[in-house]
Amino acid sequence: MQQEIITLLIISTLFFASLSLFLFTLSLKYLLHPLFSMFINTLFPLSLMKGTITTIIQETPTVRSLFITLDQAITFIPGQFLMVCKPDPSRIIKRSYSIATPPSHSRDVQITLNITPKGEVSGWLYNQKIGNTLDIEGIHGLFTLDTKNKDIIFIAGGTGIVPFMSMIRHLTEHHYPHHITLLYSAKTPDEIIFKKALDALARHNKNLRVLYTITQHAPTWNGHRGRITSTFLTQVLHTFTHKDYYMCGSPAFVNHIVTILLQHDVLKEDIKLERWE
């Protein structure tokens, strides 16, 4: 009887040892995969980080970019965002800000913002100075780049361009072999965020095409004018299917574009969107 118990214990030990080895091997295989990181970070966000503002760029008369050095490296997928925490006597106020830099910048990140009317954080954050330290939480967000070996169409309205900067920079760094088109709608030429950076990316990346359209009166503007319509998209894209579409902007802007794409038989699974209030 004692010998049987010992045998059973040995078999049990070997079984659990083999199972542990299998799980450990599996974890090594997927530990560094971006989707695994996104899943883990969504369920268990990083603890609070400190970030020091190193550079501030006035992108437009009303929009600023803050370049922040974090006290720890982060892993994220293009399109994800950080939470900036504003101290308050009674509570901590958090607001989300998309990362504009690519994942290769694991400690030095860029966020871009304007002042939101009645916003509890945007005005405070907009007026921060170089050298100031912020409390930051991350990583969050499911509006992420998912390459499928197809042409990619980015459609942005206003500050909806910010997550696309991370995506376009990442695709350019990794020499994405398919065509990338960015359609960017702004009210006036002065309100085109990242224009110099986008034009530089388009010169560097021969697969990238950037088109701007202005919706308000601008006498000196020589580019496209008006809202993004079905006619405009047909002229630019020629065909609609077998492409991946990403759009980000106000609810009205995004809903308008989605309606057009569905009318042109674009599959819902080929559309990823983010609506910003």
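In every chain, residue numbers begin from 1 and rise along the written sequence. Under the rules for a predicted model, residues below a pLDDT of 70 receive no local features and side-chain atom pairs below 80 are neither given nor counted, while totals for whole chains, interfaces and linings still include all residues. For the side-chain quantities, the full set of heavy atoms in the structure was used; hydrogens and water were omitted.

J.: Describe the overall build of the chain, with residues and values.
T.: Only runs of H or I of at least four residues qualify as helices and only runs of E of at least two qualify as strands under DSSP, and these elements are numbered from the N terminus. Each helix and strand counted, the chain has seven helices and 12 strands in total. Partly exposed residues are those whose accessible area sits between 20% and 50% of the maximum for their type, while under 20% is buried and over 50% is exposed, using a 1.4 Å probe and protein chains only. For the chain, the proportion of its 277 residues judged to be buried stands at 43%. Accessible area of the chain: about 15200 Å², with a carbon and sulfur share of 60%. Surface exposure here means Shrake-Rupley accessible area, sampled with a 1.4 Å probe, where a residue is shielded only by the protein chains that are shown.

J.: Provide a residue-level description of the packing of helix α4 (residues 162-173) against helix α5 (residues 195-204), including the pertinent values.
T.: Packing of α4 against α5 leaves a shortest axis separation of 11 Å and a crossing angle of 25°. Of the possible angle classes, the one that applies to α4 and α5 is roughly parallel. Two packed elements cross with a definite hand, and for α4 against α5 that hand is left-handed. On α5, the residues touching Met165, Ile168, Arg169 and Thr172 of α4 are Ala197, Leu198, Leu201 and His204. Residue type decides the class: Asp, Glu, Lys and Arg count as charged, Ala, Val, Leu, Ile, Met, Phe, Trp, Tyr, Cys and Pro as nonpolar, and the leftover types, Gly among them, as polar. Of the residues in the contact of α4 with α5, the class split is five nonpolar, two polar and one charged. Here the axes come from fitting lines to C-alpha atoms, over the contacting stretch only for helices, and the angles between their N-to-C directions go from 0 to 180 degrees. Here the word oblique covers every angle except those under 35 degrees (roughly parallel), over 145 (roughly antiparallel) and from 65 to 115 (roughly perpendicular). In a left-handed crossing the near helix is turned counterclockwise from the far helix by less than a right angle, and in a right-handed crossing that turn is clockwise. In this description, contact between two residues means that some pair of their heavy atoms is separated by no more than 4.5 Å.

J.: Lay out the pattern of salt bridges in plain terms, naming residues and giving numbers.
T.: Any carboxyl oxygen of Asp or Glu within 4 Å of a side-chain nitrogen of Lys or Arg constitutes a salt bridge here. For the structure shown, the criterion picks out seven salt bridges. Where lysine 50 meets aspartate 135, a salt bridge forms, and the shortest distance between an N and an O atom there is 2.5 Å. Linking lysine 50 in strand β1 (residues 49-60) with aspartate 135 in strand β6 (residues 133-140), this pair joins segments that are 85 residues apart in sequence.

J.: Describe the sheet that holds β6, naming the residues involved and giving the relevant values.
T.: If you trace the six strands from one edge of the open sheet to the other, you get β4-β3-β6-β1-β2-β5, paired in antiparallel fashion. Whereas interior strands pair on both sides, the edge strands pair on one side only; in this sheet they are β4 (93-98) and β5 (108-114). Each adjacent strand pair in this sheet contributes to an overall mean axis angle of 40°, direction not counted. Across four bridges, β1 lies against β6 in antiparallel orientation. Note that in β6 the partner of threonine 52 across the bridge is threonine 133. Paired strands, in this sense, are two strands between which DSSP finds at least two bridges.

J.: Quick rundown of the sheet that holds strand β9 (residues 208-214)? Include the residues and the values.
T.: Working definition: the strands of a sheet are paired by backbone hydrogen bonds and lie parallel or antiparallel to each other. The strand order β10-β9-β8-β7-β11-β12 describes an open sheet built from six strands, whose pairing is parallel. Here the strands that pair on one side only, and so sit at the sheet edges, are β10 (224-225) and β12 (271-275). Each of β7 (151-157), β8 (180-186), β9 and β11 (243-249) touches α4; the most contacted strand, β7, lies at about 155° to it. With respect to the sheet, α5 is in contact with β8 and β9, its orientation differing from that of β9 by roughly 145°.

J.: Kindly report on the pairing of β5, identifying the contributing residues and their values.
T.: A large share of β5 lies buried, amounting to five of its seven residues. As paired strands, strand β2 (residues 63-70) and β5 are joined by seven bridges and run antiparallel to one another. Directly across from arginine 64, in β5, lies its bridge partner leucine 113.

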